[in-house]
Amino acid sequence: MTIIRQLPDNLVNQIAAGEVIENPAAAIKELVENSIDAGAGCISVTLRQAGKSLMVIEDDGIGMSSDDLKLCLSRHATSKMLDDDLLNIGSLGFRGEALPSIASVSRLEIQSRAQGEGDAWIITAKAGAIADISPSSIRQGTRITVKDLFYATPARLKFLKSDQAEMMIIKETLNRLAMAYPDIEMRCEHDDKKTFHYRSETLLERISSVMGRDFQSNAMPIESEVEGVRLSGFASLPTYSRGNARAQYLFVNGRPVKDKLLMGVLRGAYMDVLPRDRYPLVALFVDLEQTEVDVNVHPAKSEVRFKKPMIIRNLIFHGIQNALREHAKTSAGLLPNQTVHFQTKIAQAPKVNYALPEMDFKPQARIAEETQIFPIVDEVESNDITPDYPLGSALAQFHENYIVSQTKDGIVIVDQHAAHERLVYERMKDNYAQSGVKKQILLVPEIVNLSQDHVLMILEHQSLLNDVGVVLEAFGEGAIIVREVPAILADRLNIQDMIKNLADEVEDIGTVDRVTEKINYLLATMACHGSVRSGRRLNQSEMNELLRQMEETPLSGQCNHGRPTMISLSLDDVEKLFKRR
Amino acid sequence: MKLTIDRADLMRALSHVQSVVERRNTIPILANVRMDAENGMLTLTATDMDLEMKESVAADVQTEGAITAPAHTFHDIVRKLPDDSKVDLTLEPGGSMMTVTAGRSQFKLSCLPVSDFPELGSTDMEITLAIPANDLRELIDRTRFAMSNDETRYYLNGIYFHAADANGVAVLRAVATDGHRLAQFEMPLPEGGVDMPGVIIPRKAVAEIRKLVEEAADTISIQLSENKIRFEFDHIVMTSKLIDGTFPDYQKVIPQGNDKIVEIDPKIFTSAIDRVSTISNEKTRAVKLAINGGTMTLSAQSPDAGSATEDIEISNDNTDLEIGFNSRYLLDITAQIESDGCRLTLADAGGPTIIQDTSDSSSLYVLMPLRV
């Protein structure tokens, strides 16, 4: 008597379904991906009870013939993978697992009419039992109806979350796909209510549809290419950030993926312009040779493996840094919702103006210069001077903290303290880098106990750490010995904490930026004390000098804490405020 | 309780004890000073639960008794009274108010009963040694600058006092280190010290006893137990908890094989370091010493401020070496050297350097270089 037997196909499919179809969102993802692979121009998703009782996915793609329909429900049958090469996958799906998996746990109905054919067909399956196909009537494309998902696997059904929670996951899943294919129109309805309707639009428009309209006016385009790897997409300006990392999307060859690499790189790239607890919004697209990336890693295909992760890392890091540098020189735009804010401010302004006692002209030599402010304004009105500097020439200082400057096509308002703080900070960082890292050698080397995994992870970054001033070595099993620390931090450093946090950082996001962050934080504090405070009066040439320095300094558009250092207001904006337009 | 006391006597004692009282307290009674009047003496006590200061002064006690009153307020009041006034302290019936009267001024302070006041000083102390006030002062001064501020290495937040053997002579040795430098000072072991355990005296106790030593008579009696130390002289008794930890084996970090010896006039050395370091980065404070034959060239650089160099004359047996230090650490040490000779014993640019007074072997300093 044998004790080992082959499992029946039905059970095999249910087991596979457990891996591929984890929740309604996973089923929807597979089906919508099929529609995308079928070249659909419009995909609509209709759901009841977050897809638990009903999901209908309808597209206008190439459709399936009657023969295709018969085959599509059997395992590992697919229209994709034409050259049978797992290392070269160009479509979203490839394993031929999704449909049979869904069919094995639900009541499934597929209607389809292939491109150029007159007849439509329907095939049904109940918990994996496939019925014969019969004629049907729909337009070109495919409509898949899934009823009572997981009714064949009651255990799974019990572990589903509430409708609301499942719907959140579905929406997130669809949004990811929507951003990857902005030219496909996508609709989603849930319990007869519209969840979203994205029309065919440009990439930036689609991303903004998903992330919020403000994204469009606060996004910087990212473009770069290295060794055949292309990076494109959009990232938010530092002044537009969120308190969590949810709005950070990465797409590899059009496939939405989750990769912890992204969060680490973004933190590094935005390190100096965003506080630690703020996160930029990004949607980045990496396109590379199919052979350079393995998408067959995860059953739900939400993870990929790169052959050369360092290239991708550096590409994203430098792509964003370059964009930041470029954009920092122009100024942060005025958000649409701030315009309203601004109007109320203007209404109050005159009152305050009269109350300014400092405006009295004091009998000082320098006053001669200050009175110049007003004649310049007059000249400007007659359009005699057109300042050529990007940040224009200073007109006046108000409330002893803000500089108003006239540019070619508008005005710029600069927060003098925030701006000068950034200038001093950048100079200090420069100096620190130039003078070389000085290391305090420890009299009593510090031994830090860690898990052996952490030890190995940290040791991988030994030379990087050495460059920033931390000299350490392995100290037997599960411990690290720290011999030297950066001199600038020497008398305020808790070595144990630093190394432990470093281990967590390496594990989470694979970087060791913490030491540099600590040093920069110290420099930032020094910069704050060493910069022009608000309340300090500046004369014309001092103000102009500040503007010129800002133009030359990278990242001068934000202060060290990520706040904008300046706001620009175009002449158009001003005219709108006065209802001239 | 009712008594009369000279303002000057009260002021002196009160100043001593109130400095133990923290400005902010979660336990209300710790903000108070305890007063015990009996046998013609007023005894003032203040504590923060780790450190207790007790001082007695003569007073004209009419009714014996005890109470506690807010220490800082009471101290401020007494401080503002005229110099040669007499102060009357009277506990009101009911015990919740104390009246302070001097001349035509009168204050009423709200009080808390003595029963709630924590007692720290009553344990038996097994070891007693007597030590000249001047010696105690030097033990502290020569080492306290090297104490660590790092709360996580609490066992370095104080000075380690212990009996040791220095080339066959029994000594009392004080050691402090913060992991970057180490300072050690020793004196002949006072009588009764043979059995003393090694103890770590916490930072606050070090600071308080150092202030009192200035006013001390000739000899201070030190008593020790497992976890407490008590200093006693004149009418003052200070009791402190000890740091409950093991001081690291400091002997291991004092290098034995350093063979390059350089001698310098400490005054010239100190002022040269001070001048040159004006240039260096305000946080790192790095200075470089280039030793070459009979000359040491001190230099500092900063991309912001520029650079500085200064040559000084040294006596040297053919050493050729470049080494960097944190100038602040270096100055802390050279400030301790009072004679006209300072000896650096070096190994290389990455190893610990020993600094000593050429005419005084009782102190020794170890400093780790900066890698520049």
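What you are looking at is a predicted structure, and each value in this text was computed from that prediction instead of being measured.

(A) Structural view of the interface of chain A and chain B. In this assembly, 23 residues from chain A lie in contact with 27 residues from chain B. Taken together, the links from chain A to chain B amount to two salt bridges. Between Glu446(A) and Arg153(B) there is a salt bridge whose closest N-O contact spans 2.9 Å. Where chain A meets chain B, there are six residue pairs in polar contact (both at pLDDT 80 or more).

(B) Up close: unusual backbone geometry. Residue and element names in this part refer to chain A. One non-glycine residue, Phe-150, lies in the positive phi region at around 70 degrees. With respect to the helices, strands and loops of the structure, Phe-150 is situated in the loop between strand S7 (141-147) and helix H5 (154-158). Positive phi, close to 50 degrees, is recorded for Glu-400, a residue that is not glycine. With respect to the helices and strands, Glu-400 occurs in the loop between strand S19 (393-398) and strand S20 (402-407).

(C) Local environment of the confidence of the model for chain A. All names here are of chain A. With 87% of its residues at a pLDDT of 70 or more, chain A shows a mean pLDDT of 81. Least confident of the elements in chain A is helix H11 (residues 336-354), whose mean pLDDT is 33; most confident is strand S1 (residues 42-48), at 94. Per-residue pLDDT stays below 50 along residues 331-386; that stretch engages in 47 contacts with residues further than four places along the chain or on separate chains.

(D) Molecular detail of the sheet that holds strand S8 (residues 97-102) of chain B. All names here are of chain B. Pairing is antiparallel in the open sheet, where five strands are placed in the order S5-S1-S7-S8-S9. Only two strands of the sheet have a single partner each, and these edge strands are strand S5 (60-63) and strand S9 (105-110). Here the average twist between neighbouring strands, direction ignored, is 15 degrees. The sheet contact formed by strand S1 (residues 2-6) and strand S7 (residues 86-91) spans five bridges and is antiparallel. Within S7, the position partnered with Asp-6 by the bridge is Lys-86.

(E) The arrangement of the packing of aromatic side chains in detail. For the coordinates displayed, the defined rule picks out eight aromatic pairs over all chains. Aromatic pair Tyr160(B) and Phe247(B): ring centres 4.6 Å apart, planes at 10 degrees, arrangement stacked. Note that Tyr160(B) is positioned in strand S11 (residues 158-166) and Phe247(B) in the loop between strand S17 (236-241) and strand S18 (260-264), a separation of 87 residues in sequence. Each member of the pair, Tyr160(B) as well as Phe247(B), carries the same accessibility label: buried. Over the aromatic face of Tyr389(A) sits the side chain of Arg548(A), whose NZ or CZ is 3.6 Å from the ring centroid.

(F) How the structure looks around a negative patch on the surface. Judged by side-chain charge, Asp453(A), Asp504(A), Glu507(A) and Asp508(A) come together as a negatively charged surface patch. Examining the composition of the negative patch, we find that three residues originate from one element, helix H17 (residues 495-509) of chain A, more than from any other.

(G) A look at the packing of helix H5 (residues 266-276) of chain B against helix H6 (residues 327-334) of chain B. Residue and element names in this part refer to chain B. Running from N to C, H5 and H6 cross one another at 155 degrees; their axes reach a closest spacing of 10 Å. As judged from the angle between their axes, H5 and H6 are roughly antiparallel. In the packing of H5 onto H6, the handedness of the crossing is left-handed. Contacts between H5 and H6 involve Phe-269, Thr-270, Ile-273 and Asp-274 on the former and, on the latter, Ser-327, Leu-330, Leu-331 and Thr-334. When grouped by side-chain class, the residues that make up the contact of H5 with H6 number four nonpolar, three polar and one charged.

Rules and cut-offs
- Residues numbered from 1 in each chain as written.
- Chains lettered and ligands numbered in written order.
- Predicted model: local features only at pLDDT ≥ 70, side-chain atom pairs only at ≥ 80, totals over all residues.
- Heavy atoms only, no water.
- Contact = heavy atoms within 4.5 Å.
- Salt bridge = Lys/Arg side-chain N within 4 Å of Asp/Glu carboxyl O.
- Polar contact = N/O pair within 3.5 Å; in protein donor to acceptor, adjacent residues only side chain to side chain.
- Helix = DSSP H or I, 4+ residues; strand = E, 2+ residues; numbered from the N terminus.
- pLDDT = per-residue confidence, 0-100.
- Pairing = 2+ DSSP bridges.
- Axes fitted to C-alpha atoms, helices over the stretch in contact; angles between N-to-C directions.
- Phe/Tyr/Trp six-rings, centres within 6.5 Å; stacked < 30°, edge-to-face > 60°.
- Buried < 20%, exposed > 50% of the residue type's maximum accessible area, 1.4 Å probe, protein only.
- Lys NZ or Arg CZ within 6 Å of the ring centre and 35° of its normal.
- Patch = residues over 30% accessible without salt bridge, like charges linked within 9 Å, V, L, I, M, F, W, Y side chains within 5 Å.
- Areas by Shrake-Rupley, 256 points an atom, 1.4 Å probe, with all protein chains shown as cover.
- Lys, Arg positive; Asp, Glu negative; His and termini not counted.
- Charge placed at Lys NZ, Arg CZ, Asp CG, Glu CD.
- Parallel < 35°, antiparallel > 145°, perpendicular 65-115°, else oblique.
- Left-handed = near helix turned anticlockwise from the far one by under 90°.
- Nonpolar A, V, L, I, M, F, W, Y, C, P; charged D, E, K, R; others polar.

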